[in-house]
Amino acid sequence: MEKQEYKIEDIFDLKALQKLMDALAQSFEVGIGIRNPSGGRIIRDSFYCTFCSEVIQKSKEGRRRCSLSDQEIIEAAFREKSPYICRCRSGGLIDAGIRIVIEGMHIATILVGQVRLAEEELTEEEYRETARSLGLEEELYLKKIQEMPVKTRDKFNNILEALSIIADQLSLLGYNNLHQKQRIGSLESKESMLQALAEKDALTGLWNRRKFEASWSVYEKKKDKMRISIVSGDANNLKLMNDIFGHEAGDKMLYYIANKMKTLARDEWIVARCGGDEFHVLMQDVTLKMAMNYCDRVSNSCKNDKRLNLPLSIAFGVAEWDRKSETLQECFQRADSEMYENKKKMKQQENLLDYILEKLYDRCYLYRENIAAETEIAYEFALYLGFDEDGASRVRTAARYQDIGLIKLPENFVMKGSSRTPKEYEAVKAHVVNGYHMALQFENTHNIAEFILFAHENWNGDSYPRGLKGQEIPLESRIIRLVNNYCNWVVPNAKKVNVSREAAEQRLHDRAGTMFDPDVVDWFLSFLDKQKESGDFSQWRRLDS
């Protein structure tokens, strides 16, 4: 707590302080008040006689002078000395001020007044002159003055010393109270923080299962007719994200989805992550249609978010509670069942590998024109070599996704070209292993994962990842190796200008026996000649132009 925040009313029990000052005023036969640094009363003034209340305060000038006198004492007691003694500007009596300070900060001043001091006693005429200056009736003024006992300086000093000791003790007590309150406040703050942590999901900042179930219980017990809708959600592809790109990427996926759900929800809704990829929303005063609209908005926001290497996607199920025919648990089960049905449909419709290809196109790691040509030529060439339809289709699929592992490289990494360091080149070579493991994750590619793994091996055994040579390399991989390079040469794209078919064929001749299987080179050249003769170049006819 900063010093400027110290206030006596925040530190002391003011009722107890009032009782103490009342008792001291009667015991010492002095008037006592406590003011804050700006002069404001902290408690009611304690008087042992009626001089101030029945005489001085009846005069407008008396009230003004009294206020000036108080402020002078407050400032002097803090800046000059404590106790500070002076003559009262209004009544002509003696006043004093004793400061209360905590950690060097002036938080209050004890004012002492209504004192007739023997050594400083005024004459009767001087008292009358004071009365006249205040516009007061002189006889009443003198009568009230004379009702007050006269004190010697020694006795007054003893009173001030006692009050100074009390002020010091109040300062010490205030210091202890202050820090005790700080400790309590700190404990309460920690308790509040721990309570929040106990109810919040650490990763996403949403409510957790404990909070969701507690809120659920509250709503279930309510007797009113509030409409309740429940949303059950399950993030898609979290396991794949974790397995392929690591748990940090999986955490980002969950965080982004959670942020969208929270941002698009009303403040009073309970939006919770209830473990793993599960999200639930408890909605008050919401119809089924409104809940479905919320889910659509979250889904669309996820669909438009392309930050990650796999799409942000979440399956939802929604149900509105029918209080008359079901429990809230049964309502939730309806929402959960719908969510799982939607999740199955979404899984059947999604093509995550093509989503990754689109990311690679956007980053210019791969080129759409090249991939289209490679898949068509590889398929036609496999059929030419006698592969059946299933076999040729597997070659086509492997050709399409052979470089999918490039997605694990940082953006713009591949664009460095010849400027790559040896370490960076090793990272690029690792993409075939990454692509192999990724292909194993998907139903339509697990049977061609090996073709992807060896699609960059050279016939002479001097390439990666394992340095296989000759017939050790699967035929499908040898086909993909040749077709991939041929299309890189002849297909124009944003990266380079294509070369002629004749120049590309010469390159195949030159690399036969080193990079490429010599037999596959001969077969491919014959395949090209036959396609040219028949005019059947299908989707890649333009390559011969």
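Heads up: the structure comes first, above all this text.
### Structural notes on the nonpolar core
Part 1 of the argument: Core analysis: the largest hydrophobic core is formed by 87 residues, its most contacted members being Met261 and Phe524.
Part 2 of the argument: For this core, the leading source of residues is helix α19 (residues 475–490), giving eight residues.
Part 3 of the argument: Apart from the residues within four sequence positions on either side, Met261 is in contact with Val271, Phe279, Val281, Tyr294, Val298, Ile314 and Phe316.
Part 4 of the argument: Judged by nonpolar contacts, the second largest core, of 30 residues, contains Leu24, Ile32, Ile34 and Ile42.

### Quick look at helix α11 (residues 288–303)
Part 1 of the argument: Counted at 1.5 Å a residue, the expected span for α11 with its 16 residues is 22 Å, and the 23 Å between its end C-alpha atoms agrees.
Part 2 of the argument: Among the residues of α11, those classed as buried are Ala291, Tyr294, Cys295, Val298 and Cys302. The arc enclosing the buried residues of α11, seen along the axis, measures out at 95°, which places them on a common side. For α11, the exposed residues lying more than 90 degrees away from the buried face are Lys289 and Lys303.
Part 3 of the argument: Buried residues in α11 make contact with β6 (228–235), α10 (247–263), β8 (278–284) and β9 (314–320).

### Some points on the environment of Val30
Part 1 of the argument: Tracing the chain through its elements places Val30 in the loop between α2 (14–28) and β1 (31–35).
Part 2 of the argument: On the basis of relative accessible area, Val30 is assigned to the buried category, the value being 0%.
Part 3 of the argument: For the pair Val30 and Ala118, spaced 88 residues apart in sequence, the C-alpha to C-alpha distance is 15 Å.
Part 4 of the argument: If we skip the residues at most four places from it in the chain, Val30 touches Ala25, Ser46, Tyr48, Val112, Gly113, Gln114, Val115, Lys151 and Ile159.

### What to know about the side chain of Lys151
Part 1 of the argument: Structurally, Lys151 is set in strand β5 (residues 150–151).
Part 2 of the argument: Buried and without a salt bridge, Lys151 has Glu29 as its closest oppositely charged side chain, separated by 4.3 Å.
Part 3 of the argument: For Lys151, the side chain forms a polar contact with the main-chain oxygen of Glu29, separated by 2.8 Å.
Part 4 of the argument: For Lys151, the contacting residues outside a window of four places in its chain are Phe28, Glu29, Val30, Tyr48, Val115, Arg116, Leu117, Ala118, Glu119 and Ile159.

### Quick word on unusual backbone geometry
Part 1 of the argument: The omega angle of the peptide bond from Tyr464 to Pro465 is 10°, so this bond is cis rather than trans.
Part 2 of the argument: Relative to the helices and strands, Pro465 is located in the loop between α18 (449–453) and α19.
Part 3 of the argument: Positioned with a positive phi, Asp285 is a non-glycine residue whose angle comes to about 55°.
Part 4 of the argument: Summarising the element assignment, Asp285 is placed in the loop between β8 and α11.
Part 5 of the argument: Judged by relative accessible area, Asp285 falls into the partly exposed class, the value being 49%.

### As for the packing of helix α15 (residues 389–401) against α19
Part 1 of the argument: Close contact between α15 and α19 brings their axes to 10 Å; oriented N to C, the two are set at 50°. As far as their axial angle goes, α19 and α15 are oblique. Helix-helix and strand crossings are classified by hand; for α15 and α19 the assignment is right-handed. The segment α15 lies against α19, with Val395, Ala398 and Ala399 engaging Glu476, Ile479 and Ile480.

### Some thoughts on the packing of aromatic side chains
Part 1 of the argument: Following the criterion strictly, the structure yields 13 aromatic pairs and no others.
Part 2 of the argument: Aromatic side chains Trp216 and Phe332 sit 5.4 Å apart centroid to centroid with 55° between the ring planes, which places their arrangement in the tilted category. Of this pair, Trp216 sits in helix α8 (residues 209–221) while Phe332 sits in helix α12 (residues 328–349), and the two are 116 residues apart along the sequence. With respect to class, Trp216 is no different from Phe332; both count as buried.
Part 3 of the argument: Measuring from ring centre to ring centre gives 6.2 Å for Tyr255 and Tyr256, while their planes differ by 65°; the resulting arrangement is edge-to-face.
Part 4 of the argument: You can call Tyr255 partly exposed: its relative accessible area is 40%.
Part 5 of the argument: By relative accessible area, Tyr256 is classed as buried at 16%.
Part 6 of the argument: Sitting over the ring of Trp207, Lys200 keeps its end group 4.7 Å from the ring centre.
Part 7 of the argument: Over the ring of Tyr256 we find Arg307, and its NZ or CZ is 3.6 Å from the ring centre.

### Here's the deal with the sheet that holds β9
Part 1 of the argument: Here we have four strands laid out as an open sheet, ordered β7-β8-β6-β9, and antiparallel in their pairing. Each of the sheet's edge strands pairs with one partner strand only, and the pair in question is β7 (270–273) and β9. For this sheet the average axis-to-axis angle between neighbouring strands, irrespective of direction, equals 15°.
Part 2 of the argument: Across four bridges, β7 lies against β8 in antiparallel orientation. Looking across to β8, one finds that Arg273 is bridged to Phe279.
Part 3 of the argument: Across the sheet, α8 lies against β6, β7 and β8, angled at about 30° from β8, the strand it touches most.

### Notes on the pairing of β6
Every regular strand shows the same layout, with side chains that alternate between the two sheet faces.
Part 1 of the argument: Most of β6 sits out of view: eight of its eight residues are buried.
Part 2 of the argument: Of the two faces of β6, the one holding Ile228, Ile230, Ser232 and Asp234 and the one holding Ser229, Val231, Gly233 and Ala235 are both buried throughout.
Part 3 of the argument: Where β6 meets β9, seven bridges bridge the pair, whose relative direction is antiparallel. Within the sheet, the bridge partner assigned to Gly233 lies in β9 and is Phe316.

### So, the packing of helix α14 (residues 368–384) against α15
Part 1 of the argument: Relative to each other, α14 and α15 sit at 155°, their axes nearing to 8 Å. In terms of axis orientation, α14 runs roughly antiparallel to α15. For the crossing formed where α14 meets α15, the hand is right-handed. From α14, Ile371, Glu374, Thr375, Ala378, Tyr379, Ala382 and Leu383 reach across to α15, where they touch Glu389, Ala392, Ser393, Val395, Arg396, Ala399 and Arg400.
Part 2 of the argument: Taken together, the residues of the contact of α14 with α15 sort by class into eight nonpolar, two polar and four charged.

About the thresholds
- Residues numbered from 1 in each chain as written.
- Predicted model: local features only at pLDDT ≥ 70, side-chain atom pairs only at ≥ 80, totals over all residues.
- Heavy atoms only, no water.
- Core = buried A, V, L, I, M, F, W, Y, C linked by side-chain atoms within 4.5 Å.
- Buried < 20%, exposed > 50% of the residue type's maximum accessible area, 1.4 Å probe, protein only.
- Helix = DSSP H or I, 4+ residues; strand = E, 2+ residues; numbered from the N terminus.
- Contact = heavy atoms within 4.5 Å.
- Expected span 1.5 Å × (residues − 1).
- Arc of directions from axis to C-beta.
- Lys, Arg positive; Asp, Glu negative; His and termini not counted.
- Salt bridge = Lys/Arg side-chain N within 4 Å of Asp/Glu carboxyl O.
- Polar contact = N/O pair within 3.5 Å; in protein donor to acceptor, adjacent residues only side chain to side chain.
- Axes fitted to C-alpha atoms, helices over the stretch in contact; angles between N-to-C directions.
- Parallel < 35°, antiparallel > 145°, perpendicular 65-115°, else oblique.
- Left-handed = near helix turned anticlockwise from the far one by under 90°.
- Phe/Tyr/Trp six-rings, centres within 6.5 Å; stacked < 30°, edge-to-face > 60°.
- Lys NZ or Arg CZ within 6 Å of the ring centre and 35° of its normal.
- Pairing = 2+ DSSP bridges.
- Nonpolar A, V, L, I, M, F, W, Y, C, P; charged D, E, K, R; others polar.

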